[in-house]
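# Reading the structure
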Amino acid sequence: MDEFTDIVIVDLDVNRTTWSRVHSSMRTLHLKLNRDPNPEWTRLFFEERNSRVELKRHGLWIEDGYIVFDCLLIDVDDYHLPDIRQSIDYANARSRVLVEARHAEVERLRDEAQSEAHMLGALRAAIRTPVAAPPPAPVAAPVPVVEPAKVVEPVTTVVAAEAVPAPELLMPPDAHVEPLHAEREAVLEARRNDWRARFRAALHRNK
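As the structure is a prediction and not an experimental result, all values here were calculated from the model.

Conventions and cut-offs
Residues numbered from 1 in each chain as written. Predicted model: local features only at pLDDT ≥ 70, side-chain atom pairs only at ≥ 80, totals over all residues. Heavy atoms only, no water. Phe/Tyr/Trp six-rings, centres within 6.5 Å; stacked < 30°, edge-to-face > 60°. Buried < 20%, exposed > 50% of the residue type's maximum accessible area, 1.4 Å probe, protein only. Lys NZ or Arg CZ within 6 Å of the ring centre and 35° of its normal. Salt bridge = Lys/Arg side-chain N within 4 Å of Asp/Glu carboxyl O. Helix = DSSP H or I, 4+ residues; strand = E, 2+ residues; numbered from the N terminus.

Moving on: the packing of aromatic side chains. The final tally for this structure, using the stated rule, is two aromatic pairs. Plain terms: the ring middles of Phe45 and Phe46 are 5.2 Å apart, the flat faces sit at 85° to each other, and that makes the pair edge-to-face. Overall, the relative accessible area of 0% leaves Phe45 in the buried class. Ring pairing ties together the aromatic residues Trp41, Phe45 and Phe46, which thus form one cluster. The side chain of Lys56 reaches across the aromatic face of Tyr79, ending 5.1 Å from its centre.

What follows covers the pattern of salt bridges. In this structure the tally under the stated criterion is 15 salt bridges. Of the charged contacts in the structure, one is a salt bridge between Glu105 and Arg108, with a shortest N-O distance of 2.5 Å. Within this pair, Glu105 and its partner Arg108 are both found in helix 2 (residues 76–128), separated by three residues, close to a single helical turn. Overall, the relative accessible area of 35% leaves Glu105 in the partly exposed class. The class for Arg108 is partly exposed, based on a relative accessible area of 37%. Across the pair Arg198 and Asp194 runs a salt bridge, and its minimum N-O distance is 3.2 Å.

Here's what the structure looks like:
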């Protein structure tokens, strides 16, 4: 982008001087500029001009690289030229600032584009590079399962009651009758004596 070049008045085009439509005593002068200003510069020129009030103004416009204005010739040096140059200086200064700001913005965008291009390139390279497979994880040895010890139950041989003859059956038919009767009587007698002793003890406690 080119640097801004100030716009200045370079000549008074006498051949373009005409009678003013404002008043018969006035003339319309054409001040030639070094180049035709762009719309932004023209806007800034009138922005400054409209911010001030000058009683000697009668009409002014810009066309084809000229500043054209109506005036009395005796007022050009003392009023119109200083007034017009003040607006020109303002438009030049503001245009210079705006152009520099645009340059800075262009540079910033270019730097951002370059940074983004580098980032995309790095991402592309990373995507194209095959990723090494991670080493296999160590396999833990299986924990041996300890089964509970089996309890071996003793084998009991159950013999049917019918298979083992009762002791009395092993004795002779007549040999076991009397001893068995005497033994039962002795057991019953012992029980009776025990009951008597308990009854007497309880009776004694109740007294």
